[in-house]
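# Examination of the molecular architecture
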Amino acid sequence: DALTRYPSVYGSDLKDALAQKFGVSTGNIATGCGSDDLMDSIFRASTLPPGRMSFPAPTFSMTPVFAVMNGLRPLPVPWSKAETDPARLLLDEPDLVYLCRPNNPTGFSLDRDWILTLLALGGPDGPLVVLDEAYADFADDSFLADAPSTDRLVVLRTFSKLYGMAGLRVGFAVGPKKLIEEAEKSRGPYKIGQVAEKAAVVAMEDASGWADRIRTETLENRERLASELRSRGLQPLPSQGNFLLIPVEPASAVGVNQALQERGVAGRPFPRLPEIGDALRITVGPWEMMERFLAALDALFEPALTDGGPV
C-alpha cells in the first residue's frame, strides 16, 4: 500500500527517529535524497548569485559543481595552507565555507579546535559553514550535537556509508532552525521515498548493534589493509574514513584502476590531486574483498610479457 501513496512531505517519521537517536529537535533536522541533495539545497538557500564559496582542496568532487550551479564562485584553498591556518578560508570574504570531515578523498580530518577557531574568526556575521560528515561514523567525533545551538553551522550526514543504503539515497542535515527551514523550502517536498524512509527508520531504531559491529570491522580492516599496503612499498594516507587513498605516482591512477578492473576489482582513480598527484581510493569492506584487491594489486607487478618489465 505504501508504494501507491506519496511519502511524507519532509520525512517526518525519519526526523522523529533521528531526533531520538541524536538528541536534537526535529525542527533542527532536514532530510533529503542523499547528503549531496541537501548540500545543493543549502547552497541554493543560503546565498544569492553572485557569491563566493571557499573550501580546502582537494575535497568532494561535486562541491565546486554544486557551487557553480547555484551561482557561487568556487575558491579552493590548498589543504596544507587551510589546515595550518583556518583564516586562509576567509581571506576572500566568502559567503559560504564548505568542509568535509573526514575529507573525501584523502581521509584527513580537521580537528575540533580547528573548526571552533574558524567559527570564532568569522564572528556572528561570518559565512555559513557547511560541514559534510558523510564519513563521520568512522571517525572520532562529530558536530551534530553542536550545530543546533550555533548561528551558522550546518552538518550533513548520510545513510550511504555505515548503513549501506547508498542505493536508497537518504541523507539528513542538522543545524539552526532558521537555516534548516530555508533549506527545506529550497529542496522541495517528497525527496525521500516510502521504502527508503522506512528502511532508514528501522536502521535508526534497530537495537541489535549491527551497525556498531560493521564500524568495528571496518576500522580493523582499514588498519590491516594499510599495513598490507605499506609492506608492499606503498604509502596510503592516514584516514578516518572507510577508505584509503594510495598515491601511485609515477604510475597513472587511471591506468592502475583500469588494470584492477580487468582483474575484477573497482577502485576510484584521482589523477593529479593537488599536493598529492595521481592516487587511487579504495573503499574498505569485508576482508575477503580486501584480499581480492591485494591479489589483483600484486598481479600488476608481475613481469609484463611484452617488454619484461613491471606493469
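Keep in mind that what you see is a predicted model, and the values were worked out from it rather than measured.

### So, the overall build of the protein chain
For the protein chain, the helix and strand inventory stands at 10 helices and 10 strands. The globule rule puts the C-alpha radius of gyration for 311 residues at 19 Å, and the 21 Å found for the protein chain is close to it. Taking the contacts inside the protein chain whose residues are at least 6 apart along the sequence as the reference set, 68% of them involve residues at least 24 apart. Here the protein chain displays about 14,700 Å² of accessible surface, and carbon together with sulfur accounts for 53% of that area. Looking at the protein chain, you have 31 positive and 41 negative side-chain charges, and the mean spots of the two groups are 3 Å apart.

### Points about the confidence of the model for the protein chain
Atom-level detail of predicted coordinates should not be read off regions where pLDDT is low. On average, residues of the protein chain score 92 in pLDDT, and 97% of them reach the 70 mark or higher. Counting contacts from residues 303-311, a segment whose pLDDT is below 50, to residues more than four positions away or on other chains yields 8 contacts.

### As for the sheet that holds strand E9 (residues 268-273)
One open sheet holds the 3 strands; their spatial order is E8-E10-E9, and the pairing between them is antiparallel. A strand with exactly one partner marks an edge of an open sheet, and here the two such strands are strand E8 (243-247) and E9. Averaged over all adjacent pairs, the angle separating strand axes in this sheet is 25 degrees, with direction ignored. Strand direction decides the pairing type here: E9 and strand E10 (residues 277-283), joined by 4 bridges, are antiparallel. Bridge pairing in E10 links Arg268 to Arg281.

### A short note on the packing of helix H8 (residues 210-231) against helix H10 (residues 287-299)
At a minimum axis separation of 11 Å, H8 and H10 run at an interaxial angle of 15 degrees. Relative to H10, H8 is oriented roughly parallel. In this structure, the crossing between H8 and H10 has a hand that is right-handed. For the pair H8 and H10, the contacting residues are Glu217, Asn221, Arg224, Leu225, Glu228 and Leu229 in the first and Trp287, Met290, Phe293, Leu294 and Leu297 in the second. Across the contact of H8 with H10, the residue classes break down as 7 nonpolar, 1 polar and 3 charged.

### Points about the pattern of salt bridges
Enumeration according to the criterion identifies 13 salt bridges in this entry. Between Asp40 and Arg44 there is a salt bridge; the shortest N-O distance is 3.1 Å. Separated by 4 residues within a single helix, Asp40 and Arg44 lie in helix H2 (residues 35-46), roughly one turn from each other. Exposure remark for Arg44: the relative accessible area of 36% places this residue in the partly exposed category. Notably, a salt bridge pairs Asp141 with Arg112, separated by 3.4 Å at the nearest N-O pair. Here the residue Asp141 occupies a position in the loop between strand E5 (128-132) and strand E6 (153-158), and Arg112 occupies one in helix H5 (residues 112-122), the gap between them amounting to 29 residues. A network of salt bridges, in which partner residues are shared, links Arg101, Arg112, Asp141 and Asp146.

### Observations concerning the side chain of Arg222
Topologically, Arg222 is positioned in helix H8. Exposure remark for Arg222: the relative accessible area of 10% places this residue in the buried category. Here the side chain of Arg222 touches Gly241 through a polar contact of 2.9 Å, landing on its backbone oxygen. Among residues more than four places away in sequence, those in contact with Arg222 are Phe138, Ser239, Gln240, Gly241, Phe243, Leu244 and Val284.

### Some remarks on helix H6 (residues 177-187)
Every buried residue of H6 is listed here: Ile180, Ala183, Glu184 and Arg187. Down the axis, H6 shows its buried residues gathered within 100 degrees of arc, on one side only. Along H6, the residues that are exposed and aim more than 90 degrees away from the buried face are Lys178 and Lys185. Gly188 occupies a position one or two residues after H6 and carries a positive phi of about 85 degrees.

### As for the pairing of strand E4 (residues 96-100)
Burial analysis of E4 places 5 of its 5 residues in the buried class, the great majority of the element. Along E4, one buried face is formed by Leu96, Tyr98 and Cys100 and the opposite face, lined by Val97 and Leu99, is buried too. In terms of strand pairing, strand E2 (residues 51-57) meets E4 through 2 bridges, oriented parallel. Along E4, the bridge assignment pairs Ser54 with Val97. Direction of pairing for E4 relative to E5: parallel, over a ladder of 5 bridges. Opposite Leu96, over in E5, you have Leu128 as the bridge partner. Note that the unit made of E4, H5 and E5 has a crossover that is right-handed.

### Focus: the nonpolar core
Judged by nonpolar contacts, the single largest core of 41 residues is most densely connected at Leu14, Leu99, Ile115, Leu153, Phe159 and Tyr163. In contact with Leu153, other than residues within four places in its own chain, are Leu119, Leu128, Val129, Leu131, Phe143, Ala147, Val174, Gly175 and Pro176.

What counts and what doesn't
The residue count restarts for each chain, going from 1 along the sequence in the order it is written. Selection of residues for local features in this predicted model requires a pLDDT of at least 70, selection of side-chain atom pairs for listing and counting requires 80 or more, and totals for whole chains, interfaces and linings are taken over all residues. Hydrogen atoms and water are omitted, and side-chain values are computed over all heavy atoms in the structure. Numbered from the N terminus, helices here are DSSP runs of H or I no shorter than four residues, and strands are runs of E no shorter than two. Our radius of gyration is a C-alpha quantity, and the globule rule it is checked against amounts to 2.2 Å times the number of residues to the power 0.38. We call two residues contacting when some pair of their heavy atoms lies within 4.5 Å. Accessible surface is estimated by sampling points in the Shrake-Rupley manner with a 1.4 Å probe; for residues, cover comes only from the protein chains shown. His residues and chain termini do not enter the charge count, which takes Lys and Arg as positive and Asp and Glu as negative. Lys charges are placed at NZ, Arg charges at CZ, Asp charges at CG and Glu charges at CD. Per residue, pLDDT measures the predictor's confidence, with a range of 0 to 100. Here, a strand pair is defined by DSSP locating no fewer than two bridges between the strands. Each axis is a line fitted through C-alpha atoms, and for a helix only the stretch in contact is used; angles between axes span 0 to 180 degrees, taken between their N-to-C directions. Just so you know how the angles are binned, under 35 degrees is roughly parallel, over 145 roughly antiparallel, 65 to 115 roughly perpendicular, and the rest oblique. Crossing chirality is assigned from the near helix's rotation relative to the far helix, an anticlockwise turn below a right angle marking it left-handed and a clockwise turn marking it right-handed. Three classes are used, and their members are as follows: Ala, Val, Leu, Ile, Met, Phe, Trp, Tyr, Cys and Pro are nonpolar, Asp, Glu, Lys and Arg are charged, and the others, Gly among them, are polar. Between Lys or Arg on one side and Asp or Glu on the other, a salt bridge is scored when a side-chain nitrogen of the former is within 4 Å of a carboxyl oxygen of the latter. Note on classification: 1.4 Å probe, protein chains only; a residue is buried when its accessible area is under 20% of the maximum for its type, exposed when over 50%, partly exposed between these limits. For this analysis, a polar contact is any N or O atom pair within 3.5 Å, provided that within protein one partner can donate a hydrogen and the other can accept it, and provided that sequence-adjacent residues contribute only side-chain to side-chain pairs. Working note: the arc is built from the helix axis to C-beta atom directions. When the strands point away from the viewer and the connection leading from the first strand across the helix to the second strand turns clockwise, the crossover is called right-handed. Side-chain atoms within 4.5 Å are what join buried Ala, Val, Leu, Ile, Met, Phe, Trp, Tyr and Cys residues into a set we call a nonpolar core.

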